[in-house]
Amino acid sequence: MSRMFHLGFFSSFSPPAWHAATDRAHGENWATGAYHADLARRVEEACFDFLFFEDTSGVSRTRGGTMDADLRNSHSTPKNDPVALLSYLSAVTGRLGLIATASTTLYPPYLLARLFSTIDGLSGGRAGWNIVTSSEEEAAHNFGYDVLPTPAERYDRAEEFTDVARKLWNSWDEDAVVRDYENGIHTDPAKVHEINHVGKHFTVRGPLNSLPSPQRTPVLAQAGGSPRGRDFAARNAELIMATTTGGIEAMKAFREDIHGRMKTFGRSPDSCRVMYATHLHVSGDGHDPRRDATDAQLAAMLGKHAAHIGLDLFRYDLDAPLPADVTSNGTTSMLESLKEKGRQGISLRDAILDLCLGEDELGLVGAPERVAENLAGAMEEVGGDGFIVMATQNANAAHTDAILDGVVPHLKQLGAMRTAYAGPTLRENLFAF
Ligand SMILES: Cc1cc2nc3c(=O)[nH]c(=O)nc-3n(C[C@H](O)[C@H](O)[C@H](O)COP(=O)(O)O)c2cc1C
């Protein structure tokens, strides 16, 4: 390998793999945090850069307007708050980066800035914030909106939100805390500043009332796929996440596109890492796990996409391509991917399986050696910066073992991933190479 690449592990604070026939009891205690604490320790032992938690904020009603599909199939529910989980994981790990998702459409910026500053303090500088604008109508209804704002409105708000959060994190000078016992001064008042932000969406006086944290700002992560989302990411993010959909050429094109956009915002491409979320299907016999998907699992995958896209996908014929003229107010890029598959004559069923379980364009199905070699080969061709390993609908203890005990040692042998952390903070590790 000419250069090592970074690795993240994708998770959710929800019941792991309850569908998996071999593993139904596994993770019953997930809400105590015990399952994810164990996962975090193992991911840290393997030297991943970070453990990542996606999030959404509502029980979805995308099948015929009822909650049945989500509750029965558990595609988004139950799901507990990942930011709270990070404080627990901070205490049981020492070097692993900890990234949680929180929405700029649903949170107020002051509350979010204070929360992540606190997590960064608790973890000694290992916190990351996955900035999402939220695409679920149900979540909007839980936070006082009559309708979910349009994607453009959500990104407008996200831009202002992120500026406010950044101002709050920088509202204390580096040397504000003096702890001068003789003169009785803990913090020098001249070094803590109001931000006096008055904008279209927020009015925030500041300063933040929490202690500046080791990284000061959490690592800012984002995964916008639409042109507007990419601009937002290029302006703000230090970790930009995409998928491997479309294979090497699409991955390269995405990275180049992001680098180009960063330059127009006056940023060096070196100030951001582009990482690709992907599924690994490690097995001795190399069989395709998509053939194992049960009806319940397929319904869960369909429901998850329906919730993100904001469209009742259950209304459409699973064995026909999704019609090209459907529209929605949710995740634009996800709907576009399904419609593109439809234009290629691919049925909705196969399109969902492809998107949820990966199309194996990179050769990531099979023996651990093969998966490791193909990950390394793909990264050499793309030029950087790493992968985020996703748990699939079939994810369970065996799946985690296959990645951590099977693929990881081969990646290390190939010199493709780190064998020791560079430093105590997530940012140091993410930018060490
Ligand atoms: C790796 C990855 C993780 C994501 N995590 C979340 C998440 O936790 N919550 C969420 O609402 N959206 C999540 N998304 C969706 C994106 O944040 C983004 O909202 C989506 O791509 C829609 O943006 P777009 O309309 O600009 O394409 C994720 C996407 C990717 C690729």
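This text follows the structure it describes.
Residues numbered from 1 in each chain as written. Predicted model: local features only at pLDDT ≥ 70, side-chain atom pairs only at ≥ 80, totals over all residues. Heavy atoms only, no water.

1. Points about the overall build of the protein
For the protein, the count of helices and strands is 14 helices and 14 strands. Over its C-alpha atoms the protein spans a radius of gyration of 22 Å, differing by no more than 12% from the 22 Å that the globule rule assigns to 433 residues. By its C-alpha atoms, the protein is 75 × 55 × 45 Å across when sized along the principal axes. Within the protein, the proportion of its 433 residues that are buried is 54%. When contacts within the protein are restricted to residue pairs at least 6 apart in sequence, those whose partners lie at least 24 apart make up 74%. Approximately 17,900 Å² of the protein is accessible, and the part contributed by carbon and sulfur atoms is 51%. (Helix = DSSP H or I, 4+ residues; strand = E, 2+ residues; numbered from the N terminus. Rg over C-alpha atoms; globule rule 2.2 N^0.38 Å. Buried < 20%, exposed > 50% of the residue type's maximum accessible area, 1.4 Å probe, protein only. Contact = heavy atoms within 4.5 Å. Areas by Shrake-Rupley, 256 points an atom, 1.4 Å probe, with all protein chains shown as cover.)

2. Some details on unusual backbone geometry
Across the junction of G206 and P207, the peptide omega takes the value 0°, indicating a cis bond. By secondary structure assignment, the location of P207 is in the loop between strand 8 (203-204) and strand 9 (219-222). Note that the residue after G384, namely D385, is joined by a cis bond; omega there is -5°. By the element assignment, D385 lies in the loop between helix 12 (368-382) and strand 14 (386-390). Of note, C47 is a non-glycine position whose phi angle comes to about 75°, a positive value. Along the chain, C47 falls in the loop between helix 1 (34-45) and strand 2 (50-54). The buried category is assigned to C47, whose relative accessible area is 6%. Its identity is not glycine, yet R179 carries a phi of approximately 45°, on the positive side. Structurally, the position occupied by R179 is in strand 5 (residues 177-180).

3. Observations concerning the site of the ligand
Taken together, 20 residues are adjacent to the ligand, and E54, D55, Y155, S226 and S333 come closest. Between the ligand and the protein, one listed contact pairs an oxygen atom with a side-chain N or O atom of Y155 at 2.7 Å. Contributions of two or more residues to the shell around the ligand are made by strand 2, strand 4 (127-132), strand 10 (239-243) and helix 10 (332-343). Taken together, the residues of the shell around the ligand break down into seven nonpolar, eleven polar and two charged. (Near = heavy atom within 4 Å. Polar contact = N/O pair within 3.5 Å; in protein donor to acceptor, adjacent residues only side chain to side chain. Nonpolar A, V, L, I, M, F, W, Y, C, P; charged D, E, K, R; others polar.)

4. Describing the pattern of salt bridges
Counted by the stated rule, this structure contains 21 salt bridges. One salt bridge connects R216 with E174, and the closest N-O pair in it is separated by 3.6 Å. You can see R216 sitting in the loop between strand 8 and strand 9 and its partner E174 sitting in the loop between helix 6 (151-169) and strand 5, a full 42 residues away along the chain. The exposure class of R216 is buried, given its relative accessible area of 14%. Among the ionic contacts, a cluster of salt bridges with common partners joins E159, D163, R166 and R235. (Salt bridge = Lys/Arg side-chain N within 4 Å of Asp/Glu carboxyl O.)

5. A look at the packing of aromatic side chains
Tallied over the full model, the rule gives nine aromatic pairs. Arranged with centres 6.2 Å apart and planes meeting at 70°, the rings of W129 and W169 form a pair that is edge-to-face. Separated by 40 residues along the polypeptide, W129 in strand 4 and W169 in helix 6 bring together distant segments of the chain. On the basis of relative accessibility, which here comes to 0%, the residue W129 falls in the buried class. (Phe/Tyr/Trp six-rings, centres within 6.5 Å; stacked < 30°, edge-to-face > 60°.)

6. Section: the sheet that holds strand 10
Reading around the barrel, the eight strands line up as 1-2-3-4-9-10-11-14 and close back on themselves, with parallel pairing between neighbours. Across the sheet, the mean angle from the axis of one strand to that of its neighbour is 30°, orientation sign disregarded. As paired strands, strand 11 (residues 273-279) and strand 14 are joined by five bridges and run parallel to one another. What sits directly across from M275, in strand 14, is G386. Packed on one face of the sheet, helix 8 (residues 247-264) meets strand 10, strand 11 and strand 14 and runs near 150° to strand 11. (Pairing = 2+ DSSP bridges. Axes fitted to C-alpha atoms, helices over the stretch in contact; angles between N-to-C directions.)

7. Some words on the packing of helix 4 (residues 109-122) against helix 6
Relative orientation and spacing of two packed helices are given, respectively, by the angle between their axes and the distance between those axes. The interhelical angle for the contact between helix 4 and helix 6, taken along N-to-C directions, is 50°, at an axis separation of 9 Å. Here helix 6 runs oblique to helix 4, going by the angle between their axes. Regarding helix 4 and helix 6, the two cross each other, and that crossing is right-handed. Residues P109, Y110, L112, A113, F116 and S117 of helix 4 pack against F161, V164, A165, L168 and W169 of helix 6. (Parallel < 35°, antiparallel > 145°, perpendicular 65-115°, else oblique. Left-handed = near helix turned anticlockwise from the far one by under 90°.)

8. Some points on the side chain of E44
Mapped onto the fold, E44 is located in helix 1. One buried charged residue, E44, remains without a salt bridge, the closest side chain of opposite sign being R126 at 4.3 Å. A polar contact is formed between the side chain of E44 and the backbone nitrogen of G94, at a distance of 2.9 Å. Excluding residues within four positions of it along the chain, E44 makes contact with T93, G94, R95, L96, R126 and Y421. (Lys, Arg positive; Asp, Glu negative; His and termini not counted.)

9. Focus: a negative patch on the surface
The grouping of E249, E256, E380 and E381 at the surface amounts to a negative patch. Sorting the residues of the negative patch by element identifies helix 8 and helix 12 as the ones contributing at least two each. Mapped onto the elements of the fold, E249 is located in helix 8. What makes E249 exposed here is its relative accessible area of 54%. (Patch = residues over 30% accessible without salt bridge, like charges linked within 9 Å, V, L, I, M, F, W, Y side chains within 5 Å. Charge placed at Lys NZ, Arg CZ, Asp CG, Glu CD.)

10. Comments concerning the side chain of S171
Tracing the backbone shows S171 in the loop between helix 6 and strand 5. At 3.2 Å, the side chain of S171 and the backbone nitrogen of L208 are in polar contact. Once residues within four sequence positions are removed from consideration, S171 is found in contact with K191, V192, H193, I195, P207 and L208.

11. Things to note about the nonpolar core
Residues F48 and F387 are the most contacted members of the largest nonpolar core, which totals 79 residues. In this structure F48 touches L7, G8, F9, V43, L96, V389, I403, L404, V408, M417 and Y421, once residues within four positions along its chain are discounted. In terms of nonpolar packing, the next biggest core, distinct from the first, is built from 22 residues, M301, I309, I352 and C356 among them. (Core = buried A, V, L, I, M, F, W, Y, C linked by side-chain atoms within 4.5 Å.)

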